[in-house]
Amino acid sequence: HLAQAGLEAFGCCSTSRSLRVAMGAALGCASPPDRDAGCLPWPSRRPAPEPGGAVARLGGPEQAHMAELRFSPDLSLLALSAEAKAGTTASGYGGDATGARPWWGGILLGAWIANEGADLFCGRSVLELGCGAAPLPAMAAAHKGAAKALATDGCPAAVRAAAAVLSRNAALPSTCAVGRQAWEESPKHGARAWDVVIFADVVYSEEGADLLAKAVDLHVAGDGWVLGAVGLLRFGSADIFDKMRRLGFAAVEVPVSPDVLARAEAAAAALAGANATDLGGGSGAGAMDGRCKLVRWVRCSAGGPLWDGRDEAGSLERHARDFLHQRESAVTYAEGWEPTE
């Protein structure tokens, strides 16, 4: 336990290699933990990609927990209603639930794309960053006519699970695919090669916000745009606005209609009903309203008509910080306990 605490404490600090070797040995790591590993701090615990990149089959428990999510009158998608469990063919998370099942941000963004994005994605190349095991936004973009929709994640286990889920959605166009792309790595399909970059509920720390913003800047075309679902109950969610602004992006909130919100909540309820999936709150009408902001970014250098001169990054950042502070302030801690990240 002390070794684990030490690794967590020193993982992002200037720790000597000898100390990291010693702590790694205490945990049985094959190699010393790398403090510069970015969003994959424990690569030795992640399973290696399957030979040839073959799509994994869903395990028995996962097959039994596929839920149908009806995003629009003409789009229903299958998704895992339970976490991709460690030890199954399509997962291997070792107990880490991050990205192992659909989260509210991905459901909301998928529903918005399915209902509002009629002319936004047709004929465009779309890249999803941090899809986890639920590439719902990328699948919705493919349905709306994207010339290419690639859902990516930095974790091989998530990529295999997402590919397995995609294979179950056989009615989708063949333009939708899944691949591995870690945020800290160079773009595998060329720099600034994508018309649209999307992400949903993927920021959990200030460091993560910095990595995501830099990855977005590397992938989206100069005249492209970015669409993200920012979860407001996440540490670091407010930081993404500042990080993107420093890289020359302007942010504008995307309104969510009551109809889209209702469809997203119905999809969340379907997941909860299938396997009591916890999406961070109740799934009744209005329960999720306000927990996520849909935000569109464009480069300020793009000029008109892509950028109309508005930039709401400052107000969105303040709202995100206030929202999280209000929730934290409402928590009562037992005597002797203090809130920590």
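Residues numbered from 1 in each chain as written. Predicted model: local features only at pLDDT ≥ 70, side-chain atom pairs only at ≥ 80, totals over all residues. Heavy atoms only, no water.

Looking at an unreviewed UniProt entry, the protein chain carries the name Calmodulin-lysine N-methyltransferase, with the source organism given as Alexandrium monilatum.

## Overview of the overall build of the protein chain
Worth spelling out the cut-off: Helix and strand definitions here come from DSSP, where helices need a minimum of 4 consecutive H or I residues and strands a minimum of 2 consecutive E residues; each element is numbered from the N-terminal end. Note on classification: 1.4 Å probe, protein chains only; a residue is buried when its accessible area is under 20% of the maximum for its type, exposed when over 50%, partly exposed between these limits. Two residues qualify as a contact provided that any one of their heavy atoms is within 4.5 Å of a heavy atom in the partner residue. Residue-level accessible areas treat just the shown protein chains as cover; the underlying method is Shrake-Rupley with a 1.4 Å probe.
Counting its regular elements, the protein chain contains 10 helices and nine strands. Across the 341 residues of the protein chain, 48% fall into the buried class. In the protein chain, once contacts between residues fewer than 6 apart in sequence are set aside, the share between residues at least 24 apart is 74%. In the form shown here, the protein chain has an accessible surface area of approximately 15500 Å², with 53% of it arising from carbon and sulfur atoms.

## Here we look at the environment of A111
Position of A111 relative to the elements: it lies in helix α4 (residues 104–116). According to the relative accessible area criterion, A111 is buried, its value standing at 0%. Sequence separation of A111 and E265 is 154 residues, and the distance between their C-alpha atoms is 9.4 Å. Contact partners of A111, with chain neighbours within four places excluded, come to F71, V260 and A264.

## With respect to the packing of aromatic side chains
Using the following cut-off: Stacked, tilted and edge-to-face are the three classes applied to pairs of Phe, Tyr and Trp rings, where Trp contributes its six-membered ring and a pair requires centres within 6.5 Å; stacked means planes under 30 degrees apart, edge-to-face means over 60, and tilted covers the rest. Counted as over-ring charges are cases with an Arg CZ or a Lys NZ within 6 Å of the ring centre that also lie within 35 degrees of the ring normal.
Under the counting rule described, the total for this entry stands at three aromatic pairs. Every member of this aromatic cluster is reached through a ring pair, and the members are F199, F241 and W297. One residue, R234, lies across the ring of W103, its end atom 4.9 Å from the ring centre.

## What about the pattern of salt bridges?
How we decide: Criterion for a salt bridge: a side-chain nitrogen of Lys or Arg within 4 Å of a carboxyl oxygen of Asp or Glu.
With the rule as written, the count across this model stands at 15 salt bridges. R245 serves as the salt-bridge partner of D242, at 3.0 Å between the closest nitrogen and oxygen. With D242 and R245 both in helix α8 (residues 239–246), this residue pair falls three residues apart, about one helical turn. Put simply, D239, D242, R245, R246, E317 and R321 are held in one network by salt bridges that share partners.

## What to know about a nonpolar patch on the surface
The condition is simple: In this scheme, patches are assembled from residues that exceed 30% relative accessible area and form no salt bridge. Like charges are connected within 9 Å, while nonpolar side chains (Val, Leu, Ile, Met, Phe, Trp, Tyr) are connected within 5 Å.
A cluster of nonpolar side chains, contributed by V331, Y333 and W337, occupies part of the molecular surface with about 360 Å² of accessible area. Within the secondary structure layout, V331 lies in the segment after α10 (313–329). A relative accessible area of 41% means that V331 is categorised as partly exposed.

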